[in-house]
Each structure stands twice: as structure tokens, then as C-alpha cells.
Amino acid sequence: MTEPILKITNVDLGYGELKVVFGVSLEVGTHELVGLVGGNGSGKSTILRAISGMIKPWGGQVIFDGQELGVQKPHEIAALGIAHVPMGRQLFANMTVEENISLGAYLPSARKKRAENLARVYSLFPDLINKRKDLAGALSGGQQQMVAIARALMLGPKMLLMDEPSLGLAPLLVKEVMQVIRSVAETGLPILLVEQNVQQVLKISDRAYVLDNGKLVLSGPSPELMGHPMVKKAYLGL
Amino acid sequence: MDILTTIIQNLANGLLIGGVYALIGVGLSLIFGVMRVINFAHGDFVVIGMYSALVIYRQLSLDPYLSLLIALPLGFLLGLVLERIILSPLVDAPEDSTLLATLGLALILQNTLLLIFGAEPNSLYVSYATATIKLGPITLSLIQLIAGAVILVVIIGLYLFLTRSEAGKAVRATAQNRLGAELIGINTLAIHSLVFGFGMVLAIAAGIILIPQLFATPAITGPVFTLKAFVVTVLGGLGNIWGAIGGGLLLGVVEVLGASYISNSYRDAYGLVAFLLVLLLRPEGLFGKTVKRV
Ligand SMILES: Nc1ncnc2c1ncn2[C@@H]1O[C@H](COP(=O)(O)OP(=O)(O)OP(=O)(O)O)[C@@H](O)[C@H]1O
Ligand SMILES: [Mg+2]
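Residues numbered from 1 in each chain as written. Chains lettered and ligands numbered in written order. Predicted model: local features only at pLDDT ≥ 70, side-chain atom pairs only at ≥ 80, totals over all residues. Heavy atoms only, no water.

**Student:** So what exactly am I meant to see when it comes to the interface of chain A and chain B here?
**Tutor:** How big an interface is tends to be stated in terms of accessible area lost as the parts join. The partner chain B presents 18 residues to the 23 residues of chain A that form the contact. Across the interface of chain A and chain B, roughly 2000 Å² is buried in total on both sides, 63% from carbon and sulfur atoms. Seen at the junction of chain A and chain B, the total is two salt bridges. The partner of Glu99(A) in a salt bridge is Arg172(B), and the shortest N-O contact between them spans 3.4 Å. Taken together, the connections running from chain A to chain B amount to seven residue pairs in polar contact (both at pLDDT 80 or more). Mapped onto the side of chain A that touches chain B, the elements with two or more residues apiece are helix 2 (74-80) and helix 3 (97-103) of chain A. At three residues, the largest contribution of residues to the side of chain A that touches chain B is made by helix 2 of chain A. Of the residues contributing to the side of chain A that touches chain B, the split by class is 12 nonpolar, six polar and five charged. (Contact = heavy atoms within 4.5 Å. Buried area = accessible area lost by both parts, 1.4 Å probe. Salt bridge = Lys/Arg side-chain N within 4 Å of Asp/Glu carboxyl O. Polar contact = N/O pair within 3.5 Å; in protein donor to acceptor, adjacent residues only side chain to side chain. Helix = DSSP H or I, 4+ residues; strand = E, 2+ residues; numbered from the N terminus. Nonpolar A, V, L, I, M, F, W, Y, C, P; charged D, E, K, R; others polar.)

**Student:** Sorry, what's going on with the site of ligand 1 here?
**Tutor:** Residues and elements named next belong to chain A. Lining the immediate surroundings of ligand 1 are 13 residues, of which Asn40, Lys44, Ser45, Thr46 and Gln196 lie closest. Between ligand 1 and the protein, one listed contact pairs an oxygen atom with a side-chain N or O atom of Asn40 at 2.7 Å. Take Gly43: an N or O atom from its main chain is 2.9 Å from an oxygen atom of ligand 1. Surface burial for ligand 1 is 63%, taken as the share of its 630 Å² of free accessible area covered by protein chains. With four residues, the top contributor of residues to the shell around ligand 1 is helix 1 (residues 44-51). Of the residues contributing to the shell around ligand 1, the split by class is two nonpolar, eight polar and three charged. (Near = heavy atom within 4 Å. Areas by Shrake-Rupley, 256 points an atom, 1.4 Å probe, with all protein chains shown as cover.)

**Student:** Looking at this model, I keep getting lost on the side chain of Gln9(B). Mind explaining?
**Tutor:** As for its placement among the helices and strands, Gln9(B) is situated in helix 1 (residues 2-35). Residues in contact with Gln9(B), not counting those within four places in the same chain, are Ile138(B), Thr139(B) and Leu140(B).

**Student:** I tried to follow the pairing of strand 8 (residues 191-195) of chain A on my own but got confused; where do I start?
**Tutor:** On a regular strand, one side chain projects to one face of the sheet and the next to the other, so that they alternate. Residue and element names in this part refer to chain A. Here strand 8 lies mainly inside the structure; five of its five residues are buried. Residues Ile191, Leu193 and Glu195 point to one face of strand 8 and Leu192 and Val194 to the other, with burial holding for every one of them. Direction of pairing for strand 3 (residues 33-38) relative to strand 8: parallel, over a ladder of five bridges. Looking across to strand 8, one finds that Leu36 is bridged to Val194. Note that strand 7 (residues 159-163) and strand 8 share four bridges and pair parallel. Paired with Met162 across the two strands is Leu193, which belongs to strand 8. With helix 7 (residues 171-186) bridging strand 7 and its parallel neighbour strand 8, the resulting β-α-β unit is right-handed. (Buried < 20%, exposed > 50% of the residue type's maximum accessible area, 1.4 Å probe, protein only. Pairing = 2+ DSSP bridges. Right-handed = clockwise from strand over helix to strand, strands pointing away.)

**Student:** How should the environment of Ile5(A) be read in this particular structure?
**Tutor:** All names here are of chain A. Within the secondary structure, Ile5 sits in the segment before strand 1 (6-15). Overall, Ile5 belongs to the buried group, its relative accessible area being 10%. Along the sequence, Ile5 and Met159 sit 154 residues apart, while their C-alpha atoms lie 7.8 Å from each other. Among residues more than four places away in sequence, those in contact with Ile5 are Val28, Gly29, Thr30, Ile63, Phe64, Asp65, Lys158, Met159 and Pro190.

**Student:** Could you clarify how one ought to interpret the pattern of salt bridges in this entry?
**Tutor:** Think of it this way: side chains of opposite charge can pair up when their charged atoms draw near. Considering all chains together, one arrives at 13 salt bridges over all chains under this definition. Glu186(A) is paired through a salt bridge with Arg182(A); the nearest N and O atoms lie 2.8 Å apart. Taken as a pair, Glu186(A) and Arg182(A) lie in helix 7 at a separation of four residues, close to a single helical turn. According to the relative accessible area criterion, Glu186(A) is exposed, its value standing at 55%. Each of the salt bridges in this network shares a partner with another, and the network as a whole consists of Lys228(B), Glu255(B), Arg267(B) and Asp268(B).

**Student:** Which parts of the structure should I look at to understand the domain arrangement of chain A?
**Tutor:** All names here are of chain A. What the domain assignment lists for chain A is domain 1 (1-81 + 160-238) and domain 2 (90-157). Each partner contributes residues to the interface: domain 1 has 14 residues there, and domain 2 has 13 residues. Summing the contributions of domain 1 and of domain 2, the shared interface buries around 1100 Å²; its carbon and sulfur component is 79%. At the junction of domain 1 with domain 2, the criterion picks out zero salt bridges. Put simply, domain 1 and domain 2 have zero residue pairs in polar contact (both at pLDDT 80 or more) between them. If you tally residues by element for the side of domain 1 that touches domain 2, the top one is helix 7, at six residues. Class assignment for the residues of the side of domain 1 that touches domain 2 results in 11 nonpolar, two polar and one charged. (Domains from an automatic or database assignment.)

**Student:** Before we go on, may I ask you to explain the nonpolar core in this structure?
**Tutor:** Taken as a class, soluble globular proteins show a tendency for nonpolar side chains to be buried jointly. Counting residues in hydrophobic clusters, the biggest one holds 132 residues, and the most contacted among them are Ile101(A), Leu160(A), Ile181(A), Ile191(A), Leu193(A) and Phe45(B). Here this core takes 13 residues from helix 8 (residues 188-210) of chain B, the largest share from any one element. Counting only domains with at least three residues in this core, you end up with domain 1 (1-81 + 160-238) and domain 2 (90-157) of chain A. When near neighbours in sequence (up to four residues on either side) are disregarded, Phe45(B) contacts Asn39(B), Leu82(B), Leu105(B), Leu109(B), Phe196(B), Met200(B), Ala203(B) and Ile204(B). (Core = buried A, V, L, I, M, F, W, Y, C linked by side-chain atoms within 4.5 Å.)

**Student:** So what exactly am I meant to see when it comes to unusual backbone geometry here?
**Tutor:** Residue and element names in this part refer to chain A. Not every positive phi belongs to a glycine, and Asp65 is a case in point at roughly 50°. Along the chain, Asp65 turns up in the loop between strand 4 (59-64) and strand 5 (67-69). Of note, Glu164 is a non-glycine position whose phi angle comes to about 50°, a positive value. Locating Glu164 in the fold gives a position in the loop between strand 7 and helix 7.

**Student:** What exactly am I supposed to notice about helix 6 (residues 141-153) of chain A here?
**Tutor:** Working note: α-helix, 3.6 residues per turn, so residues spaced by three or four point in the same direction. Here helix 6 of chain A spans 18 Å end to end across 13 residues, near enough to the 18 Å set by a 1.5 Å rise per residue. Most of helix 6 of chain A sits inside the fold, with 11 of its 13 residues counted as buried. Inspection of helix 6 of chain A places Gly142(A), Gln144(A), Gln145(A), Met146(A), Val147(A), Ala148(A), Ile149(A), Ala150(A), Arg151(A), Ala152(A) and Leu153(A) among the buried residues, and these make up the whole buried set. Where helix 6 of chain A is buried, its residues meet strand 6 (82-85), helix 3, helix 5 (114-124), strand 7 and helix 7 of chain A together with helix 7 (178-183) of chain B. (Expected span 1.5 Å × (residues − 1).)

**Student:** What am I meant to see in the packing of helix 6 (residues 166-176) of chain B against helix 8 of chain B here?
**Tutor:** To describe two helices that pack against each other, one gives the angle between their axes and the distance between the axes. All names here are of chain B. Packing of helix 6 against helix 8 brings their axes to within 10 Å, and their N-to-C directions diverge by 105°. Put simply, helix 6 runs roughly perpendicular to helix 8. Taking contact as the criterion, the partners of Ala167, Ala170, Val171 and Thr174 in helix 6 are, on helix 8, Thr188, Ile191, His192, Leu194 and Val195. When its residues are assigned to classes, the contact of helix 6 with helix 8 shows six nonpolar, three polar and no charged. (Axes fitted to C-alpha atoms, helices over the stretch in contact; angles between N-to-C directions. Parallel < 35°, antiparallel > 145°, perpendicular 65-115°, else oblique.)

Next up, the structure:
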């Protein structure tokens, strides 16, 4: 395998006095869709927050594209090429769908390719074309998720982080969103996908890590994990 | 006919003074909408504008409306610096810390102005202060008309900036979702500084427009205008900057009508009555059910 785009080594993370992630190591290859799954409060979002610079690591190392992260602000991490589709989507509710998506190409490097990328995301999400002029806050949860992904892609990122894109969606929509994520991965974009919906993630990802109470307990190719007794028992309810 | 003329005359006067209130309220609302900071020093920013016009007039004999060209850029820088020093470090702190910070800033500004200029009332006499223009049956004061024109230009400029320019969209994005903005590469702290600079510019413009029309004293005029700015902002809906324009115009009209039909002595009280009524009857502001941000 070539050098991974993201390599996290032995990181500790926490809030205030409270440590919630203990010595986690994981990596994402240049063309991989990697799942990070685990139950409520196991520390998945915390790991994504650390990669994006919302919190600083207590210890360990985060290396992205050959560069160590840890001191940069979130907007500087975005400029390095990491797009983050955050939990709850965090759209600009009083702007139109198109304004939201266009603003994804706010950074000067992305602005040059705005028109080209806009056409690309509309072909990925044709349903959004008719909603262009609607306020983002007025869309359904599934459509909002599409807008959030589209906005992130407008950055022209080197890597995509996604936090619970299926949260609050009807089962049919969950499937649709997962297919979209897979098709984005097929374009060669590396993705780290955080989800509680273990079954769906294992279906579409190449590899996955299982987090429990802030510690990694399992990792491996997704098809293998799907058959693992512990995963079956704890997360798939089989 | 006479009654009608007086009403139109009063409405026109009210709208002209209300335009200045709108300028002040829009800045306060913008700061609140983007930064979630309640700026208790906003009226003192207006006073900074008044005294900068005085200083520029006394030192350079420059007409107050021309002094805008000097005072506004300097005011913008002052706003940036104040935000960087006082508010930026508090960005993730609870709301009451920023509240105390702007209260402290208000005290410092008032006392600094007091120290430099003393407590006696100041005004700026311009030769055309009493000039009027007759428009059909009503008579309008020239300085108020110039003020109206300046306000229109500033508000339209702000509108175009916020809706058309990339930086303006980044301001709106930051107001609507700071995390979302940061994650697409917007330096939201820089946006905060920018917005505070704009708030200062709008307040200073208002102060310069007002100083030929009234007497200012550092420690009294500031709080009066802070209060008026709050009234305007609440009338328009907190954080709704276009609502603040309506709120400002309404406050101007209410004051002038009250002064002319009830009593001039309670001029500053009519706005407060309107303020209480709105808080009681439509706490979300006059223009909408929800707190609509920038
Ligand atoms: N801002 C915060 N301040 C303090 N503690 C926090 C904060 N955010 C998360 N935590 C705690 O850190 C732990 C891990 O939270 P995290 O959000 O990373 O979990 P998660 O795996 O994403 O869970 P979920 O699937 O529910 O989103 C939890 O115990 C949580 O209570
Ligand atoms: Mg989470």
C-alpha cells in the first residue's frame, strides 16, 4: 500500500479534564472508504473534531498528506484539503441551496473551479437542481444531507470526513445516502465515514474500525468484520 | 388640509431622523447577528463619530460631511483593533463575559472622551444648518436631506456587500452557522473583526450626521444612543438587520409624532413605550415570527 493520506498514531483526546479517546491509531489510504463505527458516546465525533482542528490532541500524532496537524484552526485544515460534513449538517439555513453549495468553494483555490464543480455536484445530486432557489432550512433531512455533501465537495478536497450522514433519515433515504457516498468514493476521493449505523457502513466501506468507550477494539476489511462474532452480537443484533 | 400637511411634515421629519437610528440599529444588529455579542458601547461609538467630526472641523476646518471620508476608515480600523483586543479572546466564552466586556468598553470610552473633551455640551455649527428646501407643501431641512442621502448610500452599499460579494456571503454564513462556515474555510474570527469594524463605521457615520443637529456630552449622549439602538433592534427583531431599518424609521416617526402631538419634553420616552409594547405583544420583533438572522 502507498503512503496513507491520513495517519493517526496513538492519539489521546478529551474535553476539559475528561479524557474520552485513548491511544487510537488509524489510517486512510489514498483511495479508500474507511468506516469508523461504535456506539453512543464512544468518541467517533471527537476523533473527527480533532482531525478538523476543532479540538487539539492531548497526545499522539495526526499526519495528513505528509503534514502534521494539531495547531491549525478548522478553516486552515479546510485549506489543506480536508472537507468535513459535520454532524447535524450545519447548513446556512437562510441561504438558498445554491448559495450554500457555491459557498463550499469559498477558498481561492476552490473558487477557480467553482463552475466546473457546481456542474459536477448537480450531476451527482440531480434532485437538488429543482431546489436550487429554495432556502436550505426548508428542505427535508435527506435533501439537507445531500446539500451538506455537495457543499463539502465544492472545496475540491483531498479527503472527506463524514459524521453520521444517516442520522435522522428514513431507512430508504439512508440507503440512498450510502449509495451516494460509495459513488463519491468511486471517484477516488478518500473518505473517513463515522456512523452508528454499523450494518450500512460495513456494506459500503473497504475497511472499518470499531471504537468502544474511546478505545479501538477491532479493525479489518469490512466484509470480514461483517462476519465477526463480536460485531454481529454487539452491533448487528444477530 | 392644514392637518394633513402637518402630518406629512411630521412623517417626513420622523423618517429623516429615523434613518439615523436605522444606521445605528443596523450596526448593533449586525454585530449581534454575526458575533452573538450585545454591544453596550454602541452609543459611545456614535459619540466617537460626533467628536471626531468636531476634532476634524476644529483642526482642519473640514465640513462634517467631508470628514466622513477621514473618520470612517479610521473608525473601521478602531473597530477591528477593539474586537481583536477585547472580544476575540472571548469567542468561546459564555455570553455574559462578552456582555461585561462591552459594558467595560463603554465605561472606558465615556471616561476617555470626558477626560479629553470635558463635560460641557458640544455641537458643530455649519453655515447651512438652518437652510431648508420646500417640497410642495412641506419644508425639509437641508442637513437632514443630506443625512438621508448619506444613509441611503450606506445602507444600499451594505446590502450589496452582504448579498453580492464573496466576503459578504461569508459574513452571512458566519452569522447563520459559525461551525459550518469555519469548515468550508472561512476564517470566522476575521469575519467577527470585520463586522465589528462595520458596526463602528455605521455608528460613526450616524454620529457625524447628527452632530450639526444636537448637543453631545460624552457620558450622557452615549448611553442615550445605546438605549435607542436597543429599541431599534428589538423593534426590528434581534439580529435581523433589515428589520432594524424598519425599527429605526418607526422609532423616528414615533418620537416626532409624540413630540408634536403630546409633548416635546418626553421625546426620548415615546420610543421606550413602543419598545415595551413590542416586547409585550410581539417579542420576536415587528417583522416576522422567527429570529431571522442576517
Ligand atoms: N463538548 C464536549 N464537552 C465535554 N464532553 C464531551 C463533549 N463532546 C463530547 N463529549 C463526551 O465525549 C465522549 C465522546 O463523545 P463523541 O461525541 O465523540 O461520541 P460519538 O461516538 O460521536 O457518539 P454519537 O454516536 O452519540 O455521536 C462522550 O462521553 C461525550 O459525552
Ligand atoms: Mg458523534
